[in-house]
Structure formats: C-alpha cells, structure tokens
Amino acid sequence: MKKLKKVGLILLVIVGILLIAGVIFSMYMKPDYSGKKALTDLAENVNVYYDNYGIPHIYGNNEEDAFRALGYVHAQDRLWQMEVLRRIGRGGLSEVFGPDLLSTDKFFLSLGIDENSAKTVAALDLNTQEIRLSQAYLDGINQFIADGPKPIEFYLTGLKREPFTLKDIYNTMGYMAFSFAQAHKTDPFLTTIKNKLGSEYLVDLGVDVDPNTTWIQNYPPKASDSIENNITAMVTDALNALSVPLFEGSNSWVIAPEKTKNGKVIFANDPHIGFAQPSVWYEAHLNAPNYEKYGYHLAGVPFPMLGHNRDLAYGMTMFENDDVDFYYEVDNPANKNQYKTHDGWKDYELVTKTIKVKDEEEVVFTFKRTDHGPVLNGIANQITEERPISMSWIYTKGENKVMKAVYGMTHATNLKEFEAALPNIHAPGLNIMYGDAKGNVAWWASAQLYQIPDSINTKMVFESEMGLDENKTLLPFTENPQAINPPWKYVYSANNQPDSIAGMKYPGYYLPENRAKRIVELLQPKNDWDKLAVGAMITDVTSSVNPEILKDLANELDIKQLSKKELNVLDRLIRWKGDYPLESIEGTVYHRWVYRLLRNTFSDELGLQGFEDLMSTHMSKRLIAPIIKKDHSIWWDDVHTKEVKETKKVIIQMAFKEAMASLIKDFGEVEDEWRWERVHSLEHEHPIGKVAALRSFFNVGPFPVHGSREVINNLGFRYTSDGFYKVGSGPSTRRVIDFSDIENSMSILPTGQSGNPFSRFYEDQAEMFLKGEFRKMMLNKNEILEKAHSKLVFIPR
C-alpha cells in the first residue's frame, strides 16, 4: 500500500510539474501587449495602446517609426499567417506541409508570381517614401523574429523562421491577385461543353449576364464625352488545398449626404473572403505627424487595403473582370520543342524549378512557357491531354505598380489624390469604393482593361493564333466603369455586371443580381439613413430573388401528385419572404429543392465531375433564375432515358419529391425539425486544425449560423449531395463609417485580432460576429488612452 501511495504521489508531482510547465509555456507564447521593448533603427519612442479587442493604436513622432512598430506588433499576432501567405506565390508550401501540396506549389510557381515579384523589386527605387515605409515595416517583423517567442505552429512543423523581404510583400499581393480570378474555373469548362456537347448547350448557362438584371450604373458616361475540365479540376484542387483565405466577392455602398439623417456621408463595406483562422485582416490605427489611418492589413503587407480617417474612407469589392485567357498551342510536327506563332515556329522556353519537400528529397520539375504564359500540361496530374494549353494572366504582364497604388490610396488627403493612385492597379480587378467628409461618394472599377473585338469570346479556350493578341489595345483608366457623385446619391457594388462606357460590355465572371437587387431595393426609397440602419442593412439575411424563383418552381408542380405533407410544405414556401434566420424551415427546403433540380438537369450530360466543376463557378448561381423560366431548354431532357423526353415540369416535380424525401430521411416527418441551423454551419479552420487531435485547439467553431449565399450577409457555401452546407466564405469584416460621428464608427472581425491561440484576442469576436454585433473603431486619442487595455512602448535600441 505504501508503494502504491508513493507511486501515486510521484505521478501527482509529475502531472503538477507538467501543468506548471504548460502554464509557463503558454504565458511565454502569448504576445506582449504591455511593457517596453527596444527596436533597432527607431528614432524616438513609439507608444502602442491596445484596446479591449487587441487593436493597436500606434503613436509615433514620424511615419517610419510608426510603421516599424506596426511590423513588430503585426508579427507577434500573425507571424504564422504571414509565413504561409508569403510561401504560396513562391511554391513553398510543400516544405511546411509535405508532398500533398506539391501540385499546388507547381501550379503557383508556373504562374510566375515569384519571378514577377523579383523583377519588380529589382526595379524599385529604394529611396522613395513608399519603399522606406515598407522596409521599416519589414524591419519590425524581422526584429520580432529575432527577439520574440517562436509561434507554436513553427514548433509543430519544425519550420525555421527566416527574415522577410520586399519580395515577400509582392508575392503575397500576387497570391491575392490570383485568388480573385474566375477564368480558370470557367473557360476550360465551357470549352469542354462546346466541344463535347455542342454550342447549343451553352445558351442557357448564363454565360452572358442578362441585361434585364440589376447592373451597376456609371456616371458620368465617359464614352459619350469624347481544356478542358481537367484544367478546371487542377486549379480548383490547387486552391482547395490551401487552408488560407480565398477572395470571393463583396458588398459596399456609400450614401451621399442628401440621403442621410445627419447630412454626412455613410460608408459601408464587407469584403467576402474565405473564412479561415486567423481571419484575413489585421486592424491597426497608426498616427504620426501628417498621417493617420485606421486600417485593415493583409499579413505581411504594410499598407492597409481598407481604411479610414477623419477625412475619407475607402474599401473594395471584387470587380470580377476577365483577366486570364487560355490558348491551345500547336506543336511543330517536325520539332516538339517548338510551337506555332504569328511569326512562325518558336522554341518553347523551358523553365526548371526546385521545390523543397518536408521530410523528403527536393523535387525538380520543368515546364514549358510560351509568349502567352505557362503550358499547364505536365504541371499537374489532372491534365492528361496531349494538346498543349497555355495560360495568359495580365498580372504577370507589364509593370507591377499595385503597391504604389495602395500607398497612394493610403496617403491621399482628398478625392483627387485618391483617384490619381488608381490607374496603377492593373490586376486584380477591384471595385474601389470611396466617401469623404466633404460629401463626395465614388466608385471606380480599377484594372487594366483592353479592347476586345466583338468576334472574340473570352469565355473559351482560344485556338492558336485566333484569340486575343498579347499586344492588346489597352484602354485608358478614364474608360473604366465608374461613378462620382451620381444624381441618385449613392454608389454601390456587389460583384454584379457594371454598365458599359467604352462602347462595349466588359466581359467577366460577375455574380448574379441577388445582392445588388436587394441593396438597391433598400437604398433607393430611404432618405434618412443613419449608422444603426446601415448596420442592420449590412447584416440583412433576406433574398429578393429566391421567393421569385420559388414561385416559378411552384407554378410547374402538378399538385394532384403531391401528398398532404408535400402540399403543406409547398404552402409554407409560397408564403416565404426569402429570409434566413436560424429557425427557417423554408430556406432548408428551398436549397434542397434547387440542388436536386440542378443535379437532375445537368449531371446526366456533364457527369459527376463535370457537374461539380459547374458548381464551382459563378455561373451555377447566375443560371438558376433564368433557366427555370425556360420551357424548352436543351438541358431538361435526361439523356440516359432514350425512350422518354423529360420536360421542365417533370424535372421540377422530381426534384421537389427528392428534396422532401431527403429531409424526412435526415430529420424525420416533423417539419419544425428541418431548421436552417441544423444544415448551415460555420467553422474557421486553421491550417494545422486539419489534424483531428488539434482541431479544437486551433479551429474556431463550428457554429450554426443565419444568413445564406447571395444575401447581403453573404455566407457562401457550395451545394453538396448530403444537403448540409459548410460555410466557406463571407464577410471578412463589416465596417460602417459615419462622417457625422466618425469617432463612433463601428466594425467587427469574424474571430479575433490575434492569430496566436494563446492570446485572449484569438476568438473573442466570434460570437459577436455571428449575432451581427459591432464594436467601436476608436480614433479619439483621449478615449483611447482612457480605455486602453494595455500599453506597449518601443524605445530606440
């Protein structure tokens, strides 16, 4: 017995020691939000006041000192996120996560992001203010790497921390630019349909945006003043392998003084980005002589992509313009190392890259490149065709001035200066939104656009020498879609089609009118907007379009073939307002019905993989409303039933009955059990949270969540056969800035400010976000000092 007691005591001591060690380790791993730290090259002291949500309010006596401090505090909360994002463009993920990421690394290396970044950095003038501030920010990051605790993810992966450079900033921006693109999901897919099924199958796919839907209006009208499926699968797989945010869509609207209660501009923006942990934006308030900005920063990027001060506010949505093209290349029959050009045969450029792989030998691979861009054959296993297909992306063509544009936006003091920065954005295409204290509201579709002849269809893979020439006729920025102080007294964007102003409709991969229609429907009649009303609007969960779709579907049903229960459910659906609270039954039935309808309509011709490829495109959302109105679409017939020709009525009836049967199977006969909260959930996933044992430590959630895809509170998901919808993207922040009360403007993040799981700010905003709540974005220094959670002082070393 004494021995047992002794063993028990020893075990108790060991457990106690481990617990103490764990507490000490967790305390050591936490970011330092108070005290004093010495920074190299600092000219004077910098004071950092953290508010109750971990937002740093940085006060320096010069800009370089303030940005150097920003680099340090950003790194101590988000170093792991910075590390992952900088690695994507240079093909460095396999070194961290192993061979499963090889295809992703090969793909991103072939895009040329890393080469473009190196070329851009080599041409920079290192003495400009933009570059001096960027370098100061990097110095702050690198000092944290040298002096601060190693984040836990580096322990778990065994990764060595290395200094950040200017090229890393451009690589992160390059990844962001490609994540905006949609052509890789759409062009090869449409080409496959045309080649395998025929052109007639393209008619009802919503390739072009319906002119009768809601478009973004321009003002003034400048023109009058003067592969296939395998490629789709390859790129989708490459992007899906990333447990980092992908840029999806967005809302923004800016209301002029004439439509607000207090006679000042109100600005709203909620960029829709893939959910991840940590969330994409890091908030920071910088204050130095002649510079103040409350901004939202990408990991590893010094200047905020979204921001405001007392004078102006800016934000963005995705333009969704077409800036990627695919080309079939023609090999020289006499020499497979050559391809056909307008000037004759030309040698393929052979590019060799080396990829480091965790716990394995380095992988060396070689790919071909043409004047258009990389030849995708051989880069990934999904492409097995012999016919070479190359990809041209405008981001890697010409001079890259994106960071110059962002610097100019952040340092502009008025509308004119702000607009002058925007022509430097060649890609990605962005809808830049603007409002200021003087009463100006504006929207610019910012990208390098070019003339596209009517004979060219940019949604197809071009045949050799028949597509757009690489020497395109570029359009001046004044021809871009835009509106400045329009007479309807507001501007907005919801990734929908912009109107034409250069004698052409700009091709793109625009989202359906759903959100745009609701935004206009709410903004247009009301002339007494205030901050609280805009806050309610930005969390709106009602679709104006889905009830109309339901009525069209219901009109096609043969009610004589419906059971009493089916009739009861149908009656509920007809009375539905299109809203998605957690208790919604109608929303659950609607999406089950629409999914079954889409699957029964398209999967017979496309096959299961082809149907999944369709579901990955914006077309899958855009085609729902119009195809339901078509009685004689070629897609209605099931090609597998040779003896019967199905009609729209048959497919809709079948889909409704299948949806009902699946709901009864999953939740039982009682309709009140079919609540939206049981099928619609959100989990913020950390890259290391994919390991089951670490999921609960790193991930945030899952939570049942209200809202849906393509409502203003856009919580996007892809349809799945099981009828359970895991939200993949949504508002990366919600911001409401009221220039009549600028110090009480409000915002929220999806999880928290910190990416360090030991920080109290790791997930402290998650429940507020789910409930549609906000917190203050503080600008008043006296209030900041009075309410500060803690103070961190940087002193010169």
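What counts and what doesn't
- Residues numbered from 1 in each chain as written.
- Predicted model: local features only at pLDDT ≥ 70, side-chain atom pairs only at ≥ 80, totals over all residues.
- Heavy atoms only, no water.
- Phe/Tyr/Trp six-rings, centres within 6.5 Å; stacked < 30°, edge-to-face > 60°.
- Lys NZ or Arg CZ within 6 Å of the ring centre and 35° of its normal.
- Axes fitted to C-alpha atoms, helices over the stretch in contact; angles between N-to-C directions.
- Helix = DSSP H or I, 4+ residues; strand = E, 2+ residues; numbered from the N terminus.
- Parallel < 35°, antiparallel > 145°, perpendicular 65-115°, else oblique.
- Left-handed = near helix turned anticlockwise from the far one by under 90°.
- Contact = heavy atoms within 4.5 Å.
- Nonpolar A, V, L, I, M, F, W, Y, C, P; charged D, E, K, R; others polar.
- Buried < 20%, exposed > 50% of the residue type's maximum accessible area, 1.4 Å probe, protein only.
- Arc of directions from axis to C-beta.
- Salt bridge = Lys/Arg side-chain N within 4 Å of Asp/Glu carboxyl O.
- Polar contact = N/O pair within 3.5 Å; in protein donor to acceptor, adjacent residues only side chain to side chain.

Draft legend 1. Structural view of the packing of aromatic side chains. Counted by the stated rule, this structure contains 41 aromatic pairs. Of the aromatic side chains, those joined through ring pairs into one cluster are Trp576, Tyr580, Tyr590, Tyr595, Phe611, Trp676, Phe717, Tyr719 and Tyr725. A cation over a ring is seen here: Lys150 above Tyr155, with NZ or CZ 4.9 Å from the ring centre. Just above the ring of Tyr59 sits the side chain of Lys781; from NZ or CZ to the centre is 4.6 Å.

Draft legend 2. Just the packing of helix 5 (residues 113-122) against helix 8 (residues 166-179), in detail. The contact between helix 5 and helix 8 brings their axes to 9 Å, and the two run at 135°. In terms of axis orientation, helix 5 runs oblique to helix 8. Every pair of crossing elements has a handedness; the one defined by helix 5 and helix 8 is right-handed. For the pair formed by helix 5 and helix 8, the contact residues are Ile113, Asp114, Ser117, Ala118, Thr120 and Val121 on the first element and Leu166, Lys167, Tyr170, Asn171, Gly174 and Tyr175 on the second. Partitioning the contact of helix 5 with helix 8 into residue classes produces six nonpolar, four polar and two charged.

Draft legend 3. Region of the structure containing helix 17 (residues 564-574). Residues of helix 17 that are buried: Glu566, Val569, Leu570 and Leu573. Projection of helix 17 onto a plane perpendicular to its axis shows the buried side chains occupying an angular sector of 105°, all on one side. In this structure, the buried side of helix 17 is in contact with helix 16 (546-554), helix 18 (586-615) and helix 21 (648-667).

Draft legend 4. The arrangement of the pattern of salt bridges in detail. Here the structure, examined in full by the defined rule, presents 46 salt bridges. Here Arg132 ties to Glu64 by a salt bridge, and the two come within 3.2 Å at their closest N and O atoms. One end of the pair, Arg132, is in helix 6 (residues 129-147); the other, Glu64, is in helix 2 (residues 63-90), and 68 residues separate them in sequence. Looking at Arg132, the relative accessible area reads 34%, which means it is partly exposed. Note on Glu64: relative accessible area 27%, which makes it partly exposed. One salt bridge connects Arg310 with Glu743, and the closest N-O pair in it is separated by 3.0 Å.

Draft legend 5. The arrangement of unusual backbone geometry in detail. Looking along the chain, the bond that leaves Gln277 and enters Pro278 is cis, with omega of 0°. Turning to its location among the elements, Pro278 is positioned in the loop between strand 5 (266-274) and strand 6 (282-288). Each neighbour pair has its own omega, and for Gly701 with Pro702 the value is 10°, a cis peptide bond. Here the phi dihedral of Asn290 falls at roughly 70°; this positive angle occurs in a residue that is not glycine.

Draft legend 6. Local environment of the environment of Glu646. Tracing the backbone through its elements, the reader meets Glu646 in the loop between helix 20 (624-628) and helix 21. Using a relative accessible area of 11% as the deciding quantity, one classes Glu646 as buried. Between the alpha carbons of Glu646 and Thr601 there is a distance of 9.8 Å; along the sequence they are 45 residues apart. Excluding residues within four positions of it along the chain, Glu646 makes contact with Trp636, Asp637, Asp638, Thr641 and Ile651. Among the polar contacts made by the side chain of Glu646, one reaches the main-chain amide nitrogen of Asp638 at a distance of 2.9 Å. A polar side-chain atom of Glu646 sits 2.7 Å from a polar atom in the side chain of Thr641.

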